[in-house]
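Below are the chains, spelled out letter by letter.
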Amino acid sequence: MAKAKKKLPLEVLPVKEDKILFEWEALERPYQKKDREFWTTVLSILGLVCLILFFAKEWFLITALAALVFLYYVLTTVPPQKAKYKITTKGVYVASSQRVDWDFLRRFWLDEKWGHSVLHIETWFKFPRVLSFVILKKDAEKMIGILKKYIPQEKSSPNSLDKFSSWLAKKVPLETK
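These numbers come from a predicted model, not from an experiment.

Student: Hey, could you run me through the pattern of salt bridges in this one?
Tutor: Pairing between side chains becomes possible if they bear opposite charge and their charged atoms approach one another. Per the stated rule, a full pass over the model turns up six salt bridges. For Glu122, the salt bridge identified is with Arg107, shortest N-O distance 2.5 Å. Of this pair, Glu122 sits in strand E6 (residues 116-123) while Arg107 sits in strand E5 (residues 105-113), and the two are 15 residues apart along the sequence. By relative accessible area, Glu122 is classed as buried at 4%. Judged by its relative accessible area of 13%, Arg107 falls in the buried class. Its salt-bridge partner being Asp111, residue Lys155 comes within 3.8 Å of it at the nearest N-O pair. Highlighted residues: Lys155 in the loop between helix H3 (140-147) and helix H4 (160-171) and Asp111 in strand E5, separated in sequence by 44 residues. Residue classification places Asp111 among the partly exposed positions, given a relative accessible area of 32%. One network of salt bridges, in which partners are shared, links Arg106, Arg107, Glu122, Arg129 and Glu154.

Student: Got a minute to help me understand H3 in this structure?
Tutor: Residue pairs three or four apart in sequence face the same way in an α-helix, which turns once every 3.6 residues. All buried positions along H3 are accounted for by Ala140, Met143, Ile144, Ile146 and Leu147. An end-on view of H3 places all buried positions within 165 degrees of arc, on one side of the element. For H3, the exposed residues lying more than 90 degrees away from the buried face are Glu141 and Lys142. Where H3 is buried, its residues touch strand E1 (20-27), strand E2 (82-88), E5, E6 and strand E7 (130-135).

Student: Got a minute to help me understand the sheet that holds E7 in this structure?
Tutor: Strands pair in a sheet through their backbones, by hydrogen bonds, and they do so in one of two ways: parallel or antiparallel. Read from one edge to the other, the open sheet built from three strands follows the order E5-E6-E7, with strand pairing classed as antiparallel. Because the sheet does not close on itself, it has two edges, and the strands there are E5 and E7. The sheet shows a mean angle of 20 degrees between the axes of neighbouring strands, taken without regard to direction. Set on the sheet, H3 makes contact with E5, E6 and E7; between it and E5 the angle comes to about 170 degrees.

Student: Help me understand the side chain of His120, please; the structure alone is not making it clear to me.
Tutor: Position of His120 relative to the elements: it lies in strand E6. Of the polar contacts made by the side chain of His120, one reaches the side chain of Ser132; its length is 2.8 Å. Not counting the four nearest positions on each side in its chain, His120 is found in contact with Arg107, Phe108, Trp109, Asp111, Val130, Leu131 and Ser132.

Criteria and thresholds
Residues numbered from 1 in each chain as written. Predicted model: local features only at pLDDT ≥ 70, side-chain atom pairs only at ≥ 80, totals over all residues. Heavy atoms only, no water. Salt bridge = Lys/Arg side-chain N within 4 Å of Asp/Glu carboxyl O. Helix = DSSP H or I, 4+ residues; strand = E, 2+ residues; numbered from the N terminus. Buried < 20%, exposed > 50% of the residue type's maximum accessible area, 1.4 Å probe, protein only. Arc of directions from axis to C-beta. Contact = heavy atoms within 4.5 Å. Pairing = 2+ DSSP bridges. Axes fitted to C-alpha atoms, helices over the stretch in contact; angles between N-to-C directions. Polar contact = N/O pair within 3.5 Å; in protein donor to acceptor, adjacent residues only side chain to side chain.

Next comes the structure, spelled out in structure tokens:
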């Protein structure tokens, strides 16, 4: 008879329970309604740029600029809905359905935009590079304490596009504060 092979026991890995550490409901994105003066300025600048591009016969660029302005118009006139978010022991749930595991998250920082506190979490993905969540100011300290256990808190250094857009916003203000 052939010798029976000795079977080794299977290695059992502990399963980490998906426990909710923090849960909140907030807007899907920061929102600020733009006034008539802002849109007059934007459309005037777009008209001048399109006129220059018309003489250069850049039809595709004119169409792309008009589409971008229309997208921005829609995003600033349609208020965002509320969504549920949660931080668990396995990762962060985006709109209660998609989970991004801690292994794919790089770092986080807090910021202010249009009077809203915003939590930014940078990922290792190419897209989306940064997950942004609107949070309540009173919950910020509690969230920082939870997130620091899993990923470091450090602000992303601005890239060249961020620097250029900040410079342009200072030089050509489209709205008054």
